[in-house]
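Each chain, written out:
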Amino acid sequence: MSGSSKSKQSLILLAFVFPALLFYAVFMLAPAFGGAWYSFTDWNGLNPAYHLVGFANYIEALTDDAFFIDSVWFTLKFVVFMVVLQNVLAVLLAVLIESRRRSKAWFRTIFFMPNMMSMIIGGFMWLFIFTKALPYIAEHAGLAFLDQSWIGDPKYSFLAIVIVSLWGGVGYLMVIYIAALQGVPDSLKEAAAIDGANSWQTFRSITLPMVYPAVTIGIFVTLNSSFKAFDAVFALTGGGPGRATQVLALNIFEEAFKMSGRYGYASAKAMILFLVVLVITLIQLSIMKRREVEA
């Protein structure tokens with residue numbers, strides 16, 4: 001192929017991807033760089049005039065803002081629970097569904113369906129379940145343990161957030177793990193069975209090492225989504241009772257749009273969240289990529 005033909009083909013390909021690149025630049029890159037700039041200012045989000053304040057917003061967030069620090073610790077606790085529970089449940093569901101000879105498609109559809117729904121809507125559905133349905137069941141079915149203050153008690157409200165987040169996220173990871181399990185050759189499993197390995201030994205020694213790249217992806221996805229959790233918490237508790245269940249994204253949202261209108265300060269908090277997620281995910285990917293090679 002001549003140089004002119006290659007250039008023409010490149011221009012045609014660029015023309016096809018240009019609309020997507022334009023939308024990405026306008027709606028993703030420009031706000032991201034704008035937020036990074038405003039994090040060094042005292043802009044209130046409305047007044048065109050603002051002043052540069054350097055790292056004052058960052059220093060205040062990390063040293064003087066007790067609510068922000070509390071939201072950091074709460075988010076970290078939430079992330080740990082979600083990374084472990086969501087991936088373990090997704091792997092178990094994937095293994096159980098793949099072990100069935102019939103109805104695989106039905107089960108995949110049922111568990112994936114929550115991903116087709118907005119988590120705001122799902123959160124309000126679960127809010128009705130926690131505040132109306134469960135107390136009714138507890139009263140009429142004699143299941144007293146269901147009659148708890150699921151939204152008003154910080155201990156149970158955290159559990160409620162975890163349950164709703166698992167309901168909304170496990171199905172997506174399950175599909176990833178199912179795809180990985182389908183790539184494990186049956187010949188290896190049959191050879192292990194001939195050698196006398198039971199189901200657990202086969203899974204631990206053959207299946208798990210071969211699906212480890214999917215585990216890396218699953219943990220990466222869970223880390224990112226958990227750190228940016230907003231909609232389920234907003235719909236269920238609004239960060240309450242008090243600020244007991246306020247995640248980082250909700251703290252940033254309230255700082256910018258509901259409380260003081262300190263858009264520059266909220267942007268600094270958002271940049272801190274971005275840097276935390278970036279560092280943790282880079283560490284996670286580097287460690288797990290090395291383990292993939294060892295596996």
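Residues numbered from 1 in each chain as written. Predicted model: local features only at pLDDT ≥ 70, side-chain atom pairs only at ≥ 80, totals over all residues. Heavy atoms only, no water.

**Brief notes about helix H3 (residues 66–99)**
- Taking 1.5 Å per residue as the helical rise, H3 with its 34 residues ought to reach 50 Å, and the 49 Å between its terminal C-alpha atoms agrees with that figure.
- Near the N-terminus of H3, the side chain that reaches the backbone nitrogen of Phe67, with its oxygen 3.3 Å away, is that of Asp65. (Helix = DSSP H or I, 4+ residues; strand = E, 2+ residues; numbered from the N terminus. Expected span 1.5 Å × (residues − 1). Polar contact = N/O pair within 3.5 Å; in protein donor to acceptor, adjacent residues only side chain to side chain.)

**Side note on the UniProt feature "transmembrane region" (unreviewed entry) in the protein**
- UniProt records the feature "transmembrane region" (unreviewed entry) for residues 12–38, 72–97, 118–138, 158–181, 202–223 and 263–283 in the present numbering.
- When the span residues 202–223 is considered, its composition is 95% helix and 0% strand, and the gap between its end C-alpha atoms is 28 Å. (UniProt positions renumbered as here; feature names shortened; annotations may be inferred.)

**A few points about the nonpolar core**
- Membership of the largest hydrophobic core comes to 63 residues, with the highest contact counts inside it found for Phe78, Phe130, Val164, Tyr177 and Leu236.
- Per-element accounting of this core gives the leading share, 14 residues, to helix H6 (residues 154–182).
- Ignoring any residue separated from it by four or fewer positions in sequence, one finds Phe78 in contact with Phe158, Ile161, Val162, Ser165, Ser226 and Ala229. (Core = buried A, V, L, I, M, F, W, Y, C linked by side-chain atoms within 4.5 Å. Buried < 20%, exposed > 50% of the residue type's maximum accessible area, 1.4 Å probe, protein only. Contact = heavy atoms within 4.5 Å.)

**A short note on empty space enclosed by the protein**
- Scanning the entire structure with this criterion turns up one cavity of 30 Å³ or more.
- As a volume, the largest cavity reaches approximately 40 Å³.
- Every residue lining the largest cavity is listed: Val91, Tyr177, Leu181, Phe203, Leu208, Val211 and Val215.
- Every element with two or more residues in the lining of the largest cavity is listed here: H6 and helix H8 (199–210). (1 Å grid on protein atoms, 1.4 Å probe; cavity = no way out; pocket = protein on both sides within 12 Å on 5 of 7 lines; lining within 4 Å. Points joined across faces, edges and corners; volume = space filled by probe spheres on them.)

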